[in-house]
Amino acid sequence: MGRVKYLSKEDKGWADLLDEFVMWKVVQGVSEQTASDYYAQFRLFMKRYPDSWGEPETLKMNLLDHFSQKVKPATFNNRLVYIRTFLNWCVENGYIQDNPIAKLKKRKDEGRIVEIDIESLRRLLEQPDTNTFAGLRDYTLILLTLDNGIRPKEAVSLLPKDFKEKSLEIIVRPEIAKTRKVRKLPISGYGSIVETSNKCTS
């Protein structure tokens, strides 16, 4: 069996560092989706600017060009959070001297208000066949999302124990929450979500 070869700081490329960084974040408890987003955001940057790693000034100019693109505030902020966090880690571990976007601020996101008329909602709720398990499940998920805005991935990961009928709320456990923090979301009442969720789990 051969010896394990350890790479020196000089030998490690950005891909090696990204792997090490993401592994570190996973150990800290980030979700699989978050880990994937770290990879996606920095790989996208390096695909667009393949000459970035190595020369500090080149990295700086390419980062500024990347973040000067006309994108929605939410897209800009996502890029900033993931790339800046990785570069901060590189600085802390001595792989680069400084982070050119360390002081770059997020863009103000005015949010997006979606207005859906009652008739459209009615037609949407008429689509699932509630006489079947799949249809009843989909109907419940639609009601739940309309009721409290739960994320789809969180909703499909709920367990019967997460529904609290007495307090009319559901618990989004840390292991399924995008933020990795527990959340309590209200449920309107028995006439909609609780009754249909009971049918789905019975």
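See the structure printed just above.
Keep in mind the model is a prediction, meaning the values are calculated, not measured.

S.K.: Just to check I follow, could you spell out the nonpolar core for this structure?
M.R.: Note on soluble globular proteins: their nonpolar side chains tend to be buried together. Core analysis: the largest hydrophobic core is formed by 24 residues, its most contacted members being Phe 42, Phe 45, Leu 63, Ile 83, Phe 86 and Leu 87. Elements with a contribution of two residues or more to this core: helix H1 (14-28), helix H2 (32-48), helix H3 (56-67) and helix H4 (73-92). The element best represented in this core is H4, accounting for eight residues. The contacts of Phe 45, once residues within four sequence positions are left out, are Ser 52, Leu 59, Asn 62, Leu 63, His 66 and Ile 83. Counting 10 residues, the second-largest nonpolar core is a separate cluster that includes Ile 170, Ala 177, Leu 185 and Ile 187.

S.K.: Before we go on, may I ask you to explain the packing of H3 against H4 in this structure?
M.R.: Packed helices, taken two at a time, are described by the angle their axes make and the gap between the axes. H4 packs onto H3 with a crossing angle of 160° between their chain directions and a minimal axis gap of 11 Å. Compared by their axis directions, H3 and H4 come out roughly antiparallel. Every pair of crossing elements has a handedness; the one defined by H3 and H4 is right-handed. The segment H3 lies against H4, with Leu 63, His 66 and Phe 67 engaging Phe 76, Arg 79, Leu 80, Ile 83 and Leu 87. Of the residues belonging to the contact of H3 with H4, the class tally is six nonpolar, one polar and one charged.

S.K.: Would you take a moment to explain the pattern of salt bridges for this structure?
M.R.: Pairing of side chains with opposite charge becomes possible as their charged atoms draw close. Under the counting rule described, the total for this entry stands at eight salt bridges. Put simply, Glu 20 and Lys 12 hold a salt bridge, and the shortest N to O gap is 2.8 Å. Between Glu 154 and Arg 151 there is a salt bridge; the shortest N-O distance is 3.1 Å. For Arg 151, a relative accessible area of 32% gives the class partly exposed.

S.K.: Got a minute to help me understand unusual backbone geometry in this structure?
M.R.: Phi is mostly negative for residues that are not glycine, and the peptide bonds are mostly trans. Its identity as a non-glycine residue notwithstanding, Leu 168 has a phi of 50°, on the positive side. Position of Leu 168 among the secondary structure elements: in the loop between strand E1 (163-164) and strand E2 (169-172).

S.K.: What is the right way to look at the packing of aromatic side chains in this model?
M.R.: How two aromatic rings sit relative to each other is given by the distance of their centres and the angle of their planes. Counted under the stated rule, the structure contains 13 aromatic pairs. Look at Phe 42 and Trp 53: their rings are 6.0 Å apart centre to centre, the planes differ by 90°, and that puts the pair in the edge-to-face class. Linking Phe 42 in helix H2 with Trp 53 in the loop between H2 and H3, this pair joins segments that are 11 residues apart in sequence. The rings of Trp 14, Phe 21, Tyr 38, Phe 42, Phe 45, Tyr 49, Trp 53, Tyr 82, Phe 86, Trp 89 and Tyr 95 are connected pair by pair, giving a single aromatic cluster. The ring of Phe 76 carries the charged tip of Arg 107 above its face, separated from the ring centre by 3.9 Å.

S.K.: When you look at the side chain of Asn 77 in this model, what are you seeing that I'm missing?
M.R.: By the element assignment, Asn 77 lies in helix H4. Judged by relative accessible area, Asn 77 falls into the buried class, the value being 11%. Sequence-distant contacts of Asn 77, defined by excluding residues within four places in its chain, comprise Lys 106 and Arg 107.

S.K.: Would you explain the pairing of E2 in this entry?
M.R.: Successive residues of a regular strand alternate their side chains across the two faces of the sheet. Burial along E2 is two-sided: the residues Glu 169 and Ile 171 and Ile 170 and Val 172 are all buried. With two bridges connecting them, E1 and E2 associate as antiparallel partners. Looking at the pairing, Phe 163 lines up with Ile 170 of E2. Between E1 and E2, which pair antiparallel in sequence order, lie four residues; one of them, Leu 168, sits at a positive phi of approximately 50°. As paired elements, E2 and strand E3 (residues 183-186) share four bridges and run antiparallel to each other. Residue Val 172 lies in a different strand from E3, and its bridge partner there is Arg 183.

Analysis parameters
The residue numbers shown here count from 1 along each chain, following its written sequence. It should be noted that, the model being predicted, local features are given only for residues of pLDDT at least 70 and side-chain atom pairs only at 80 or more, the latter also being counted only at that level, while totals for whole chains, interfaces and linings use all residues. Computation of side-chain values: all heavy atoms of the structure, hydrogens and water removed. Each nonpolar core is a collection of buried residues, namely Ala, Val, Leu, Ile, Met, Phe, Trp, Tyr and Cys, held together in the definition by side-chain atoms within 4.5 Å. Partly exposed residues are those whose accessible area sits between 20% and 50% of the maximum for their type, while under 20% is buried and over 50% is exposed, using a 1.4 Å probe and protein chains only. A run of H or I in DSSP becomes a helix once it reaches four residues, and a run of E becomes a strand once it reaches two; helices and strands are each numbered from the N terminus. It only takes one pair of heavy atoms within 4.5 Å for two residues to be counted as in contact. Interaxial angles span 0 to 180 degrees and are taken between N-to-C directions of axes, which are lines fitted to C-alpha atoms, for helices over the stretch in contact. Small angles under 35 degrees read as roughly parallel and large ones over 145 as roughly antiparallel, with 65 to 115 read as roughly perpendicular and the rest as oblique. In this scheme, a crossing is called left-handed if the near helix is turned counterclockwise away from the far one by less than a right angle; it is called right-handed if the turn is clockwise. Polar here means any residue other than Ala, Val, Leu, Ile, Met, Phe, Trp, Tyr, Cys and Pro, which are nonpolar, and Asp, Glu, Lys and Arg, which are charged; Gly is therefore polar. The working definition used for a salt bridge is a side-chain nitrogen of Lys or Arg within 4 Å of a carboxyl oxygen of Asp or Glu. The criterion for an aromatic pair is that two Phe, Tyr or Trp rings (for Trp, the six-membered ring) have centres within 6.5 Å, with stacked assigned to planes under 30 degrees apart, edge-to-face to planes over 60 apart and tilted to the rest. A ring is scored as having a charge over it whenever the NZ atom of a lysine or the CZ atom of an arginine sits within 6 Å of its centre and within 35 degrees of its normal. A pair of strands is treated as paired once DSSP finds two or more bridges between them.

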